[in-house]
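Coordinate analysis (summary)
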Amino acid sequence: MTYFNKQWTEELVLPDGTIAVCVQDVDRYLRANNLSVAGDYSDAFRRTVRYNREQALRKDFFAEFINNYKRRIWNATNHKRTS
């Protein structure tokens with residue numbers, strides 16, 4: 001998107017309390033909070049969001065798998081020592 005680098009006549013207070021004086025400030029806020037303008041929700045954007053969510057979920061599942069695996073090994077070695 002191309003914007004003219006012109007400041008607005010009125011300031012806009014964003015939800016986090018910062019003040020936006022131009023469109024670039026709003027875009028910076030949207031990018032920083034992983035948001036997008038309603039018109040920007042293209043198929044590619046939705047695919048990217050879905051992919052990022054799936055990757056985060058896979059990382060969580062893998063971390064849980066590793067923790068369970070370590071716990072089983074730890075419990076197995078401690079059980080052998082006490083027996």
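Residues numbered from 1 in each chain as written. Predicted model: local features only at pLDDT ≥ 70, side-chain atom pairs only at ≥ 80, totals over all residues. Heavy atoms only, no water.

All right, on to the pattern of salt bridges then. Under the counting rule described, the total for this entry stands at 1 salt bridge. The salt bridge involving D25 is made with R28; its shortest N-O contact spans 2.6 Å. Taken as a pair, D25 and R28 lie in helix α1 (residues 23-32) at a separation of 3 residues, close to a single helical turn. For D25, a relative accessible area of 16% translates into the label buried. (Salt bridge = Lys/Arg side-chain N within 4 Å of Asp/Glu carboxyl O. Helix = DSSP H or I, 4+ residues; strand = E, 2+ residues; numbered from the N terminus. Buried < 20%, exposed > 50% of the residue type's maximum accessible area, 1.4 Å probe, protein only.)

Even without being a glycine, N34 presents a positive backbone phi close to 55°. Mapped onto the elements, N34 comes out in the loop between α1 and α2 (43-82).

Once that is clear, we can look at the nonpolar core. Listed in full, the 5 residues of the largest apolar core are L14, A20, V26, Y29 and L30. Counting residues per element, this core draws most heavily on α1, which supplies 3 residues. With residues up to four places along the chain from it excluded, the contact list for L30 reads L35, S36 and V37. (Core = buried A, V, L, I, M, F, W, Y, C linked by side-chain atoms within 4.5 Å. Contact = heavy atoms within 4.5 Å.)

Here the chain averages 84 in pLDDT, while 86% of its residues score no lower than 70. The secondary-structure element of the chain with the lowest mean pLDDT is strand β1 (residues 12-13), recorded at 87, while α2 shows the highest, at 89. (pLDDT = per-residue confidence, 0-100.)

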